[in-house]
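Inside the fold
Residue-level listing of the chains:
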Amino acid sequence: MDTTKALDIAYEKNLDLVLVAPNGNPPVCKIMNYGKYKFEQAKKEKEAKKKQKVYEVKELRITPNTEEHDFNFKAKNARKFIEDGCKVKITVRFRGRELNYVKQGETILNQFIEALSDIAVPEKKPVLEGKNMFIILAKKAEK
C-alpha cells in the first residue's frame, strides 16, 4: 500500500502509522495507537522489575589477628544479616607489616566460611585486592 494512503487511513481512525520492519522489502508498517503501546510496554517493565530480587550487601571488617570473642561477635552479626536475606562481604584489612601474613587472613576467612556453612555458601574463594582480602557469603539455596 502507498505510504500516503496508509497515513490517510491512520488519520481517519485517529491512530498512528508505526514502522515495524524498515529493512523489509517493502518496509512493513502497522496502524496502531502508539501512546497506548508505549504505556503497555512501560507497565510490563514495571511488573518485571517488581519480581526482581535486589540483594543488599552488608560489610564486616576484621584484621588478621582478630581475637576469638570478636570473631564470634562478628560471626553472630553475619548470621543475622544472612538470615535477613542480605549478602555479607567479610573484609580482612592488612595494615603495615600485616601484609606479610596473608595466610593468617585467609585462615580467618575460612573460619567464617566454616562457622556459617550451615546457612551460607561463599560466592568465590578469598581474593586479595591491594591491602584487603575479602569473600562474599550468600544464603544457601533452599531445596
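Below, the structure is looked at part by part. Please read these numbers as outputs of a predicted model, since none were measured by experiment. (Residues numbered from 1 in each chain as written. Predicted model: local features only at pLDDT ≥ 70, side-chain atom pairs only at ≥ 80, totals over all residues. Heavy atoms only, no water.)

Quick word on the side chain of Lys 87
By secondary structure assignment, the location of Lys 87 is in strand 4 (residues 87-93). Side-chain polar atoms of Lys 87 contact the side chain of Glu 123, separated by 2.6 Å. Once residues within four sequence positions are removed from consideration, Lys 87 is found in contact with Tyr 55, Glu 56, Val 57, Lys 58, Glu 123, Ile 136, Leu 137 and Ala 138. (Helix = DSSP H or I, 4+ residues; strand = E, 2+ residues; numbered from the N terminus. Polar contact = N/O pair within 3.5 Å; in protein donor to acceptor, adjacent residues only side chain to side chain. Contact = heavy atoms within 4.5 Å.)

Side note on the packing of helix 3 (residues 68-83) against helix 4 (residues 102-115)
Their axes nearest at 11 Å, the elements helix 3 and helix 4 cross at an angle of 50°. With respect to each other, helix 3 and helix 4 are oriented oblique. The way helix 3 lies across helix 4 gives a crossing that is right-handed. Residues Phe 71, Lys 74, Ala 75 and Arg 79 of helix 3 touch helix 4, and the partners they reach there are Ile 108, Gln 111, Phe 112 and Ala 115. (Axes fitted to C-alpha atoms, helices over the stretch in contact; angles between N-to-C directions. Parallel < 35°, antiparallel > 145°, perpendicular 65-115°, else oblique. Left-handed = near helix turned anticlockwise from the far one by under 90°.)

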